[in-house]
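# Structure assessment
Residue-level listing of the chains:
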Amino acid sequence: MYILGMESSCDETSVAVVEMGDGVRRICSNIVASQIDTHRLYGGVVPEIASRAHIEAISGITREALDTAGVTLSDVGAVAVTSHPGLIGALLVGVNFAKSLAFANNIPLVGVNHIRGHVAAAYLAHPDLEPPFVALVVSGGHTSIFRVRDYNDYCEIGATRDDAAGEAFDKIGRVIGLPYPAGAAMDKLAHEGKAGTVTLPSPALAGDTLDFSFSGIKTAALNYINGMNQRGEDIPRADLAASYTERIVSAIVKKTDVALEREKPLALVLAGGVAANSHLRAALSDLCGRHGVKLCAPPISLCGDNAAMIAAAGYYEFLDGNLASTSLNASALDSGE
């Protein structure tokens, strides 16, 4: 069946058509209207501007997604839309458009958890992937480890207690003058520096926990940068990027190592925007090799926010009968499902 997916949780408006069924997981179209150039002027996402841009884009890219896939609304078996978590104004645009489209055309509607959508991107890249497995979601808003027992059965076994890894990369990257979004530039710059040159704390919390805290490493990096500026010294940006990246990656790998040892999964799914980080992908590849676990990571094109992943997640919600009514609302928070 064809699933029409819609994603508007932050600063990308995306609509996709995905064909899902027995032995079929195929992206027919995946249109993304990015707002990066707009928000680069402000050094970060401005929620009100993001919401207005979603309104301007969503109708047009829906038509484009259907035309590119070569299907019509009469071919669509369900409409899946990100309903939570995310920026509330941005989410409301997608939710209300999807509700109107679905009910006007008598098409079943499904609300999708954005985090689960990131995990579902791996289904599109790895057709043989099935639960159970362990999922690591690392993005600008989330850093979590999940025990995925079934397609819609998630249990969070580790998470950040404050900031997310992606936000930590973007914040320090912006401070040292890297272009928005700074995460990709930090990744590239880290290859040019020497890790360990700058002393920074580990975001991996001590004790019998799989949780993280990224606020401390951000503060330490900011203090280092401010100290160098006060002394009139040049900041060794490459060494700082390498040291900062190494500490974040090693912390994530440390907790994931424990999770793999405890859960004994056959596969580890890496998902989210920071899943595109080359250092993290390489370190987790090595880790999975040591554990004899298959690493399932989507291609870079499916790591960021996109509607194909929402459609894939929506398909399994549809199969379980988790349909939404006209009362479907958006929520800025994760419901804890």
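Right, let's walk through the structure included here.

Conventions we followed
- Residues numbered from 1 in each chain as written.
- Predicted model: local features only at pLDDT ≥ 70, side-chain atom pairs only at ≥ 80, totals over all residues.
- Heavy atoms only, no water.
- Pairing = 2+ DSSP bridges.
- Helix = DSSP H or I, 4+ residues; strand = E, 2+ residues; numbered from the N terminus.
- Axes fitted to C-alpha atoms, helices over the stretch in contact; angles between N-to-C directions.
- Contact = heavy atoms within 4.5 Å.
- Polar contact = N/O pair within 3.5 Å; in protein donor to acceptor, adjacent residues only side chain to side chain.

All right, on to the sheet that holds strand β1 (residues 2-7) then. Ordered by their spatial adjacency, five strands build an open sheet running β3-β2-β1-β4-β5, and the pairing between neighbours is mixed. Edge positions in the open sheet fall to β3 (24-34) and β5 (109-113), since each of these has one partner strand only. The sheet shows a mean angle of 20 degrees between the axes of neighbouring strands, taken without regard to direction. This element, helix α4 (residues 114-125), spans β1, β2 (12-21), β3, β4 (76-84) and β5 of the sheet and lies at about 95 degrees to β5. The sheet contacts of helix α10 (residues 307-319) involve β1, β2, β3, β4 and β5, and relative to β2 the element is tilted by about 45 degrees.

We now examine the pairing of strand β8 (residues 153-159). With six bridges joining them, strand β7 (residues 143-150) and β8 adopt antiparallel strand pairing. Residue pairing in the sheet places D150 in a bridge with D153 of β8. Where β7 folds back on β8, the antiparallel hairpin that results is connected by two residues.

Ordered by their spatial adjacency, five strands build an open sheet running β8-β7-β6-β9-β10, and the pairing between neighbours is mixed. Each of the sheet's edge strands pairs with one partner strand only, and the pair in question is β8 and β10 (294-296). Taken pair by pair, the neighbouring strands of this sheet meet at an average axis angle of 25 degrees, ignoring direction. Here strand β9 (residues 267-271) runs beside β10; their pairing, made up of three bridges, is parallel. Bridge pairing in β10 places V269 opposite C296.

Turning our eyes to something else, we now look at the side chain of E317. Here E317 shows up in helix α10. A polar side-chain atom of E317 sits 2.7 Å from a polar atom in the side chain of N322. The residues contacting E317, other than those within four sequence positions of it, are V110, G111, R116, N152 and N322.

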